[in-house]
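# Architecture and fold: a report
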Amino acid sequence: MSTAPVRLRSKASWLVNQAATVAHRLAMDEFARSGARRYHYGILAAIDENGPSSQATLSRSTGIDRSDVVAVINELADAGHVERAPDPADGRRNLITLTSTGVQRLQHLEDQVRATQDVFLAPLEPAEREQLTRLLARLVDHHHG
């Protein structure tokens, strides 16, 4: 990065993009080691936080395209991490729930994410990590709010 023009290195948007590229690579490498994808983590986390959910709700809450959600749920169901069951309130849709194996898988992925965060944020002190996270969340909330 030090070879990049100063004009680029002084722009927050460019720096965020560079940091995101590194973070993405670290996460993909870590997930790949355990045969997972980041979408697995997102879907499992959403179900854990929000309870049984429809595919459409999972798509909206994770920002994952609906067609990709279907493929991810198929993968997670095949592995025994989630189950589909008819929604008692609307028989036209299924509710996706975590299994006990899915809860264990989510915990394993959470441990991987935590380790990846530690590697990514290594040059920062704990207070700086928290500050960076708060500032980035504020930017994201503002632009997606």
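All values reported here derive from a predicted model rather than from experimental measurement. (Residues numbered from 1 in each chain as written. Predicted model: local features only at pLDDT ≥ 70, side-chain atom pairs only at ≥ 80, totals over all residues. Heavy atoms only, no water.)

## Considering the nonpolar core
Formally: Put simply, buried Ala, Val, Leu, Ile, Met, Phe, Trp, Tyr and Cys residues joined by side-chain atoms within 4.5 Å make one nonpolar core. Burial classes follow relative accessibility: with a 1.4 Å probe on protein chains only, a residue under 20% of its type's maximum area counts as buried, one over 50% as exposed, and anything between as partly exposed. Numbering of helices and strands starts at the N terminus; helices are DSSP runs of H or I of at least 4 residues and strands are runs of E of at least 2. The contact criterion used is simple: two residues touch if any of their non-hydrogen atoms lie within 4.5 Å.
With 20 residues, the main nonpolar core has F31, I43, L58, I73 and V82 as its most contacted residues. Looking at this core, the elements with two or more residues in it are α2 (12–33), α3 (38–50), α5 (66–78) and α6 (100–120). Tallying contributions element by element places α3 first for this core, with six residues. Here L58 is in contact with I43, A46, I47, S53, V69, I73 and I96, once residues within four sequence places are set aside.

## With respect to the packing of aromatic side chains
For the record, the criterion: For Phe, Tyr and Trp, where Trp contributes only its six-membered ring, two rings pair if their centres lie within 6.5 Å, and the inter-plane angle classes them as stacked under 30 degrees, edge-to-face over 60, or tilted in between.
In this structure the tally under the stated criterion is one aromatic pair. On the basis of an interplanar angle of 35 degrees and a centroid distance of 6.1 Å, the ring pair of F31 and Y41 is categorised as tilted. Of this pair, F31 sits in helix α2 while Y41 sits in helix α3, and the two are ten residues apart along the sequence. In terms of burial, F31 and Y41 fall into one category: buried.

## What to know about the pairing of strand β1 (residues 82–87)
Going by this rule: We call two strands paired when DSSP finds no fewer than two bridges between them.
With six bridges joining them, β1 and strand β2 (residues 90–98) adopt antiparallel strand pairing. Opposite D87, over in β2, you have D90 as the bridge partner. Connecting the antiparallel pair β1 and β2 is a turn made up of two residues.

## Focus on helix α4 (residues 55–62)
Put simply, the test is: Note that the arc is computed from the directions linking the helix axis to the C-beta atoms.
Listed in full, the buried residues belonging to α4 are A56, L58 and S59. End-on view of α4: buried residues confined to an arc of 165 degrees, all on one side of the axis. In this structure, the buried side of α4 is in contact with α3, α5 and β2. Positioned one or two residues after α4, G63 has a phi angle of 75 degrees, which is positive.

## Focus on the pattern of salt bridges
The test is simple: Each salt bridge in this description consists of a side-chain nitrogen of Lys or Arg and a carboxyl oxygen of Asp or Glu lying within 4 Å of one another.
This structure, assessed with the given rule, holds six salt bridges. Note that R92 is salt-bridged to D90, the shortest N-O span being 3.0 Å. Among the ionic pairs, D111 bridges to R114, the shortest N-O distance being 3.0 Å. Here D111 and its partner R114 are both found in helix α6, three residues apart, which amounts to about one turn of the helix. Take D111: its relative accessible area is 38%, and that puts it in the partly exposed class.

## A few points about α6
To keep it simple, the criterion reads: Between the first and last residue of a helix there are one fewer steps than residues, each counted as 1.5 Å, and that sum is the expected span.
Counted at 1.5 Å a residue, the expected span for α6 with its 21 residues is 30 Å, and the 30 Å between its end C-alpha atoms agrees. The complete set of buried residues in α6 reads G102, R105, L106, L109, Q112, V113 and T116. Seen along its axis, α6 keeps its buried residues to an arc of 125 degrees; they face one direction. Opposite the packed face of α6, turned more than 90 degrees from it, sit the exposed residues S100 and Q104. In this structure, the buried side of α6 is in contact with α2, α3 and β2.

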